[in-house]
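# A closer look at the structure
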Amino acid sequence: MSTPELCMLFDSILALLETNNTDKAIEVIKNGIKRIDKGTTSSSDEKKNDD
């Protein structure tokens, strides 16, 4: 996940928390974690193939 994507994610979470929409904020955080994990895994796989 790139820096601009992370900033957008944080902005979304902040807006949800400011409007007391904590359930949706939790959902956004969980989805963000999944995206970051998926990106980390694919990057690791690519490095293995390059060796």
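Residues numbered from 1 in each chain as written. Predicted model: local features only at pLDDT ≥ 70, side-chain atom pairs only at ≥ 80, totals over all residues. Heavy atoms only, no water.

This part covers the overall build of the protein chain. Along its length, the protein chain carries two helices and zero strands. Across the 51 residues that make up the protein chain, the buried fraction comes to 12%. For the protein chain, the exposed surface amounts to about 4300 Å²; the carbon and sulfur share of it is 55%. (Helix = DSSP H or I, 4+ residues; strand = E, 2+ residues; numbered from the N terminus. Buried < 20%, exposed > 50% of the residue type's maximum accessible area, 1.4 Å probe, protein only. Areas by Shrake-Rupley, 256 points an atom, 1.4 Å probe, with all protein chains shown as cover.)

On to unusual backbone geometry. The residue Asn20 is not glycine, and still its phi comes out positive at about 60°. Turning to its location among the elements, Asn20 is positioned in the loop between α1 (3-18) and α2 (22-50).

For the rest of this paragraph, the subject is the pattern of salt bridges. According to the stated counting rule, one finds two salt bridges in the structure shown. The residue Arg35 makes a salt bridge to Glu5 at a minimum N-O spacing of 3.1 Å. Of this pair, Arg35 sits in helix α2 while Glu5 sits in helix α1, placing them 30 residues apart in sequence. On the basis of relative accessibility, which here comes to 47%, the residue Arg35 falls in the partly exposed class. Judged by its relative accessible area of 31%, Glu5 is partly exposed. The salt bridge involving Lys24 is made with Glu27; its shortest N-O contact spans 3.4 Å. With Lys24 and Glu27 both in helix α2 and three residues apart, this pair spans about one turn of that helix. (Salt bridge = Lys/Arg side-chain N within 4 Å of Asp/Glu carboxyl O.)

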